[in-house]
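Residue-level listing of the chains:
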Amino acid sequence: MKRGNWFYISIITATLLYIILLNVGAQRNEREALKEKRIIVVLKSVAQPMDFWDVVKSGMEEAARESGITLEFTGPAHEYLVDEQIKLFYEAIEKKPDLIILASSDFERLKTPVSYAQRMDIPILTMDSSVNSTIPIGFVATDNVEAGIKAGKTLAAILDELDLGREPNVMIMSHSKGTSTAIDRETGVRIGLQGHHILGTWYCNIDYQMAYDLTVQLLEEYQIDAIVGLNEVSTLGVADAVYDLGLGRKIPIVGFDNAAREMAYLESGVLSAVVVQRPYNMGYLSIKKAEDFLLGKEVEPFLNTGSIVITLQNMFEPEYQEVLFPYDKLSQ
Amino acid sequence: MIKRILSFFSTLESRTYYVFTILILVTILSTQFISYQFTQRSLDEVTNTQKGYSMERIVYQIDSYMVTMENIAKAVIQDGRVQQYFSFTEDDPVLRSEISEYLASFLRAREDITTIALISIHNREITSSGDLTVNPYSDIRNQPWFTQAIERPEKPYISSAKVQNLFHGIYPWVVSMSMPLTDHETGTILGVLLVDLNFNRIRELCKPIIQDPPEYIFILNEHGDYVYHPKQQLVFSGIVHEPTEKIMALKDSDPPLEILGKSYIARTSLYAGWKVVCVTELYASIDQWRYIQVAYASIGLIAFIVVGLMANILSRSITHPVKKLCNIMQSVDKNNFDITAEINATEEIRQLSDSFNLMLKKIRDLIEQIHHEQESKRKSELKALQAQINPHFLYNTLDSIIWMSEMGHNEEVVLMTSALAKLFRISISRGKEVITVEEELLHVESYLTIQKMRYREHFSYSIDVEQEILKAPCMKIVLQPLVENSIYHGLKNAPYKGHISIIGRAEEHAIILSVKDNGLGMDPKIFDHLLCETYIPTNISRSGVGLRNVHERVRLYFGDAYGLRCEKNDHQETIISIVLPKADTTKEEVRV
């Protein structure tokens, strides 16, 4: 052994020892690595309490509490404020987080901001509704085509049971022309209703009043036998119009989402069924996925968080009641 | 590659080093592991005890809520107005609103109660919210809280956390307690009393206390169904799994259940029969762990360096004496046996060196023995050579004495006999090999006296020796053969009267004794031939044997530098000289 060799070997062995010892708590170190990371979540809307996004947020917060990662939420006051979301997205990039989670308000218009984020080396994970781009590392959402098919099939079954003796006319009330959720759900509904006549699709642009007015107008113009509302606002607009015209329980309506008023309509039978997403899971899993990516693990490009068909029969089942009636926010 | 690795282990030092390094590494790792386990366990015990306490507090709170609800329920049932209202089969609107107001007063006093309702078996309902009508879309008399209360009147029914749909469009999260409303007098069941507890109160209780490592609390009812789970949706969609069966089997006094990196502590509420479960992720919850690791790694580093030094010293203490011994052995290679290995080392090495020393001594003794044997062999050879000189001369001289006695030359007989006596005395000299030059001269003179008488003055002689060398050592009977040679080969047949001179002188390092004669002489080439080692004596030249004899004896005794020399001077006289060492340079061990 050359003179002094043992000295270097000693240092190398000591370093090795240190590394081995550190790895005893490897799991903890993963947690510690995540503690230093920061994610900015750009949502579609943040201001309204107790809605879909609130539940998404609590799912995200629970995941972040488990891992210790830092979360920051931002988003416009309303879903239709696309320009505001784009502005907030650029602001998020300027803050240089480790990752941005985006629930895009517009399939096309968020494309440019996302490629800018790529240039700035900030990975993007989309959730709920995506962007027309291949840049995002993944997409966590309800498979909206699948959810649409469920809605369509449920309505098809109801119509079959009604047996009008003629070809029923189905009207679709969509919330937006540009959002991927609306596009996918409509596609799904049309698949699910195959064999039934679909009168057409109308757009309310995420405006309750417009949905209401359109429905009233259309009910006068056409012989409509069933209606599908593609989101909360359009479903409530349709349901209110039908109820106000005294047609409740006569025209079956299948809607989306789980607003408290929708639940009341479901209980009273104005709504035949609603298809609900799992926003809590969506929020929780999108953070988990973002963490996996930050830890260098393999990330699936799409993660379906699933959807459920809710009717009067199952709405108070223990399994579903928390999906439909989210817990109140506790005082912190 | 394998050879290169093996070469790391080739020296004693590196082997010692690696062995000790591995030993220390293993020791540190195992102590770390054990102490980690130990610290973790004791820390876990502390946190578990603490958790147990806070869980017991939650359970106590839940039970106290339940007891409150039961007390309220009992108070309502006992109330005279309630009994009175439901005993009648007809509706009394005044009493009805009075009771409603009475129920609402409980709600004002206690924020945690959402609703109190009295539902008759058939068609009447009174609620704490007097202005609200009961949900027309819900078959309230088919709800579990109604049917269970009637079926099991002995015990209040307590529901899981659920969404209450008593009123249309209002869906609060509650825990319901229901009791049968029985007639005081007849004991018949008139209806059911429902008390709804705001479930948020229980959720508040179950808020996680510790955030790092993250924990959460969930509740199971006595059937193992969820009363409450903060991640209810994840549980129902199969993303989060809880081992409910094992938890149900868990007693309050049991140590925490540890499954799949999670630890479960459960406490059971005696009143509600619920199991409150606290779940903690099994992270290493020691914050100082990293510092401990750094400390251990530093200790390791120091230990490794010390081991390196120790290995160096240790191996040197072993190899150094071995190297020394090796060097000593190598010097033996160069024919040096006069050494002893004296080495300060461990017992084993010392034994080795001792054995080596013993071996050297044996070798030395053997060499000595061989020397002695050779010596005695040479001595016997010498004796044999000496013995060759004497006989002829003795016979001849004795013949001469006889002859002279017959002739009556008495004086000459005396002279010759005494010379002969001198000759033999010196010849024998008590067996000594070396005598003085003086004695040797006396010997040769006696011989010359005898020969001169035998050859009737046919030659003359002279002796001229420097005084200083008379006491010098000299081999005996060396001059006599030379003189004999001069007489028989130089003078005996010379037509003139010969002369023999014996000259002795000292040179710087040697003594030269010469015999010079003016006889026929001898060719130095023949002389050299005589003395050369391959010469084989023949009977023809007897004198040659004598000269050679002397030469060999001198050389045997004093070494190769000495011996006989032959030269002729300007007068054609032959001089044969004996070269002897001047001082006493004879080898001690060769002395006889």
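The structure under discussion appears in the preceding block.
Engineer: Any details on the overall build of chain A? Residues and values, ideally.
Structural biologist: Scanning chain A from terminus to terminus reveals twelve helices and twelve strands. Buried residues in chain A amount to 57% of all 332 residues. When contacts within chain A are restricted to residue pairs at least 6 apart in sequence, long-range pairs at least 24 apart make up 72% of them. With the model as given, the accessible surface of chain A reaches about 13,700 Å², and the carbon-plus-sulfur share is 52%.

Engineer: How would you explain the overall build of chain B if you had to name every residue and give the values?
Structural biologist: In terms of helices and strands, chain B carries 16 helices and 17 strands. Sequence-distant contacts in chain B: of pairs separated by 6 or more residues, those separated by 24 or more amount to 63%. For chain B, the accessible area works out to roughly 31,700 Å², and carbon and sulfur atoms hold 56% of it.

Engineer: So what about the environment of B:Ile500? Which residues, and what values?
Structural biologist: All names here are of chain B. Considering the arrangement of structural elements, one finds isoleucine 500 in strand E14 (residues 498-506). On the basis of relative accessibility, which here comes to 0%, the residue isoleucine 500 falls in the buried class. Residues isoleucine 500 and glycine 519, 19 residues apart in the sequence, show an inter-C-alpha distance of 8.7 Å. Residue contacts for isoleucine 500: discarding those within four places in its chain leaves Leu448, Phe459, Ser460, Tyr461, Ser462, Val483, Ser486, Ile487, Leu491, Val515, Lys516 and Asp517.

Engineer: Outline the packing of helix H8 (residues 208-221) of chain A against helix H9 (residues 232-244) of chain A, listing residues and values.
Structural biologist: Residue and element names in this part refer to chain A. Close contact between H8 and H9 brings their axes to 8 Å; oriented N to C, the two are set at 45 degrees. Judged by the angle between their axes, H8 and H9 are oblique. Pair H8 / H9 crosses with right-handed handedness. Between H8 and H9, the residues in contact are Tyr208, Ala211, Tyr212, Thr215, Val216 and Leu219 and Val233, Ser234, Leu236, Gly237, Val238, Asp240, Ala241, Val242 and Asp244, respectively.

Engineer: Break down the pairing of strand E4 (residues 173-182) of chain B for me, with residues and values.
Structural biologist: Residues and elements named next belong to chain B. A large share of E4 lies buried, amounting to nine of its ten residues. In this sheet, E4 lies alongside strand E3 (residues 157-163) in antiparallel orientation, the contact comprising five bridges. Paired with tyrosine 157 across the two strands is serine 178, which belongs to E4. Inspection of the sheet shows E4 paired to strand E5 (residues 189-198) by nine bridges, in the antiparallel sense. Counterpart to valine 175 in the pairing with E5 is leucine 197. Between the antiparallel neighbours E4 and E5 lie six residues, among them glycine 187 with a positive phi of about 80 degrees.

Engineer: Hey, could you go over the environment of B:Thr182 for me, with residue numbers and the actual values?
Structural biologist: Residue and element names in this part refer to chain B. For threonine 182, the position within the fold is in strand E4. According to the relative accessible area criterion, threonine 182 is partly exposed, its value standing at 27%. Between the C-alpha atom of threonine 182 and that of glutamine 78, which follows or precedes it by 104 residues, the distance is 9.3 Å. Dropping the residues within four chain positions of it, threonine 182 is found in contact with Gln83, Gly187, Thr188, Ile189 and Leu190.

Engineer: Could you give an account of the pattern of salt bridges, with specific residues and numbers?
Structural biologist: Counting across every chain of the model gives 29 salt bridges over all chains. Where A:Glu66 meets A:Lys288, a salt bridge forms, and the shortest distance between an N and an O atom there is 3.2 Å. Of the two residues, A:Glu66 is situated in helix H3 (residues 52-67) and A:Lys288 in helix H11 (residues 279-294); the sequence distance between them amounts to 222 residues. Here B:Glu98 and B:Arg81 are joined by a salt bridge, their closest N and O atoms 3.7 Å apart. Of the two residues, B:Glu98 is situated in helix H4 (residues 93-109) and B:Arg81 in helix H3 (residues 80-87); the sequence distance between them amounts to 17 residues. Within the structure, one salt-bridge network assembled from shared partners comprises A:Glu62, A:Arg65, A:Glu66, A:Lys288, A:Glu291 and B:Lys231.

Engineer: Outline a nonpolar patch on the surface, supporting the account with residue identities and numerical values.
Structural biologist: On the surface, B:Ile302, B:Val306, B:Leu309, B:Met310 and B:Ile313 cluster together to form a nonpolar patch covering roughly 480 Å² of accessible area. Mapped onto the secondary structure, B:Val306 falls in helix H9 (residues 289-333).

Engineer: Describe the pairing of strand E1 (residues 113-120) of chain B, naming the residues involved and giving the relevant values.
Structural biologist: All names here are of chain B. E1 sits mainly inside the fold: seven of its eight residues count as buried. As paired strands, E1 and E5 are joined by seven bridges and run antiparallel to one another. Bridged to serine 120 within E5 is glycine 191. Pairing analysis gives three bridges linking E1 to strand E2 (residues 125-127), with the strands arranged antiparallel. Within the sheet, the bridge partner assigned to alanine 117 lies in E2 and is threonine 127. Counted along the chain from E1 to the antiparallel partner E2, the turn is four residues long.

Engineer: Account for the sheet that holds strand E4 (residues 124-127) of chain A, naming residues and giving values.
Structural biologist: Strands in a sheet are paired, the pairing made by backbone hydrogen bonds, and the direction either parallel or antiparallel. Residue and element names in this part refer to chain A. If you trace the six strands from one edge of the open sheet to the other, you get E2-E1-E3-E4-E5-E11, paired in parallel fashion. Either end of the sheet is taken by a strand with one partner, and the two such strands are strand E2 (70-74) and strand E11 (302-304). Across the sheet, the axes of successive neighbouring strands diverge by a mean angle of 20 degrees, strand direction being ignored. Pairing geometry for strand E1 (residues 38-42) and strand E3 (residues 99-102), over four bridges, is parallel. Bridge pairing in E3 places isoleucine 39 opposite leucine 99. Those strands touched by H11 are E1, E2, E3, E4, strand E5 (138-141) and E11, and its axis lies near 160 degrees from that of E5.

Engineer: Can you break down the sheet that holds strand E12 (residues 459-465) of chain B residue by residue, with the values?
Structural biologist: All names here are of chain B. Sheet architecture is open: five strands sit in the order E12-E14-E15-E17-E16, paired in mixed fashion. Looking at the sheet topology across the chains shown, the edges are occupied by E12 and strand E16 (563-568). For this sheet, the mean inter-axis angle between neighbouring strands, taken without regard to orientation, is 15 degrees. One ladder, built from six bridges, connects E16 with strand E17 (residues 574-581); its direction is antiparallel. Counted as the bridge partner of lysine 568 is threonine 574 from E17.

Scoring rules and cut-offs
- Every residue gets a number counted from 1 within its own chain, in the order that chain's sequence is written.
- Think of it this way: whatever chain is written first is A, whatever ligand is written first is 1, and the rest follow in order.
- Per-residue local features of the predicted model are confined to residues with pLDDT of at least 70, and side-chain atom pairs are confined, for both listing and counting, to 80 or more; whole-chain, interface and lining totals are unaffected and use all residues.
- Values shown for side chains rest on all heavy atoms present in the structure; no hydrogens or waters enter the calculation.
- Secondary structure elements are defined from DSSP: runs of H or I of at least 4 residues count as helices, runs of E of at least 2 residues count as strands, and each element is numbered from the N terminus.
- Only protein chains enter the accessibility calculation, which uses a 1.4 Å probe; a residue whose area is less than 20% of its type maximum is buried, one above 50% is exposed, and one in between is partly exposed.
- Any pair of residues with heavy atoms lying within 4.5 Å of one another is described as a contacting pair.
- Working definition of accessibility: Shrake-Rupley area with a 1.4 Å probe, residue cover restricted to the visible protein chains.
- Here, axes are lines fitted to C-alpha atoms. For helices the fit covers the stretch in contact, and angles between N-to-C directions go from 0 to 180 degrees.
- Any angle from 65 to 115 degrees is called roughly perpendicular, while one under 35 is roughly parallel, one over 145 is roughly antiparallel, and all others are oblique.
- The crossing is said to be left-handed when, going from far helix to near helix, the turn is anticlockwise and less than a right angle, and right-handed when the turn is clockwise.
- Strands are treated as partners if at least two bridges between them are detected by DSSP.
- Take a side-chain nitrogen of Lys or Arg and a carboxyl oxygen of Asp or Glu: if they are within 4 Å of each other, that pair is a salt bridge.
- Without a salt bridge and with relative accessible area above 30%, a residue can belong to a patch; like charges are then joined within 9 Å and nonpolar side chains (Val, Leu, Ile, Met, Phe, Trp, Tyr) within 5 Å.

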